[in-house]
Amino acid sequence: MPATHYFRPIPQPDGGRWRLAGGWVGFSRLERLSRDAPPVIVEEAPPEIIAALTAPRAPVLGLAMDAPRIMGIVNVTPDSFSDGGRHDTAPAAIAHGRALARAGADLIDIGGESTRPGAAEVGVAAEIARVVPVIEGLPGTRRSVDTRKADVARAAVAAGAGFVNDVSGLDFDPGMAAEVARSGAAICLMHAQGLPATMQDDPRYGDVLLDVFDALAARIARAVAAGIPRDRIVVDPGIGFGKTQAHNLAILRRISVYHGLGCGVLLGLSRKRFIGAIGGTDAAVPPDARDPGTLALTLAAVAPGIQIHRVHAV
C-alpha cells in the first residue's frame, strides 16, 4: 500500500537536530508531503520515520557511506549515448577503468549493454563476453556490473564484481533477486518506467516524486523477500529512465525524500540530455560538453546527502 504521508528532511548544513543517514548533513525540520494536500513544514515525524532517516547506512563493498562516493562508468559498448565505441574492446575498457581509479573513483561500474533511450537488448552471451574480461582486468578495485540479467550478474560476480547495478530494479529478469541473494553481492535497485527501447515515448505519473518512492519501496520489499539483506541494498530514482525533463527536475528538487526508504541512495545523471536542455545547448553538442552541468547537479545532490554519484568524468 502507498504511504499516506512522506517526509522529506530539509538539509541544514550548519548542524541540526538529527544527522541524515549517519552522514555529513543535519536536519531539524521536514517537509510533509501527500498526494491530496499541499506540502507542510513540520518539526516532528513518527519515530519509525526518524529512525529510517537517521540510521547510518551500511558500507558498500567496504566503502563507508558517511561521505559522498564516486562511481566511475566504463561502457564496454558500441552504442552508449555518451561514449559508445570509445572503450568497446577489453584493453581499452581496462585502461579506462584504471584511469578512472587513478582519478579517484571509489568504485567502477562496468556495463556491456546500452540502456539509453531507444537501445536494443543485447544477448546474454554477448554481454558476458564484454564485461567479464574487463572485471577480471581490474583487480584491486571495487567493481560493479551494470546489468539487468541474472546470468550476466552470476558471471560478473564470479569474475570479481561485488555490486550489481540493475537499472530495471528487478523488473526485467525474474531470476535476478534470487541470484543476487545467492551470490552475496550488493545491489542497486533503480526505478525505470518501461524498457529502454520505448521508455521515453510518453512517460506519465500521478506524482512522480511519490510514485517513484512507492515503486522503490516495493522493489526493496521484493528483494528482502528473496533473501537479499536490506543492508546490501542501494536505491536509485532513475533520472531519465521513463521520465521527462519536468519529472527529472521534480525528483531532483526533493531528492532527500528517498532517504526515508532506509537505504543508501545512488544518483546517475551524468551527461544526460536534459542537462543540455536546461543549459540551452544544441542537441548536436557532444555529451561530454554536459560535464559542467553534471558537476553542478551532482553538487546540488551532495547537499541533501546523496551518497553515491555515478559519473563519466571522475
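Residues numbered from 1 in each chain as written. Predicted model: local features only at pLDDT ≥ 70, side-chain atom pairs only at ≥ 80, totals over all residues. Heavy atoms only, no water.

Caption draft 1: Geometry of the nonpolar core. With 58 residues, the main nonpolar core has Ile 110 and Tyr 258 as its most contacted residues. Top element by residues in this core is helix α6 (residues 208-225). It accounts for 8 residues. Those residues in contact with Ile 110 that lie beyond four places of it in its chain are Val 74, Val 76, Val 131, Val 134, Ile 135, Leu 138, Arg 143, Ser 144, Val 145 and Asp 146. Judged by nonpolar contacts, the second largest core, of 11 residues, contains Phe 163, Cys 188, Val 234 and Ile 308. (Core = buried A, V, L, I, M, F, W, Y, C linked by side-chain atoms within 4.5 Å. Buried < 20%, exposed > 50% of the residue type's maximum accessible area, 1.4 Å probe, protein only. Helix = DSSP H or I, 4+ residues; strand = E, 2+ residues; numbered from the N terminus. Contact = heavy atoms within 4.5 Å.)

Caption draft 2: Broad picture of unusual backbone geometry. Its identity as a non-glycine residue notwithstanding, Leu 170 has a phi of 75°, on the positive side. When you line up the elements, Leu 170 lands in the loop between β8 (163-166) and α5 (176-183). Looking at Leu 170, the relative accessible area reads 7%, which means it is buried. For Arg 271, which is not glycine, the phi dihedral falls at a positive 60°. Here Arg 271 lies in the loop between β11 (264-267) and α8 (273-279). For Arg 271, a relative accessible area of 8% translates into the label buried.

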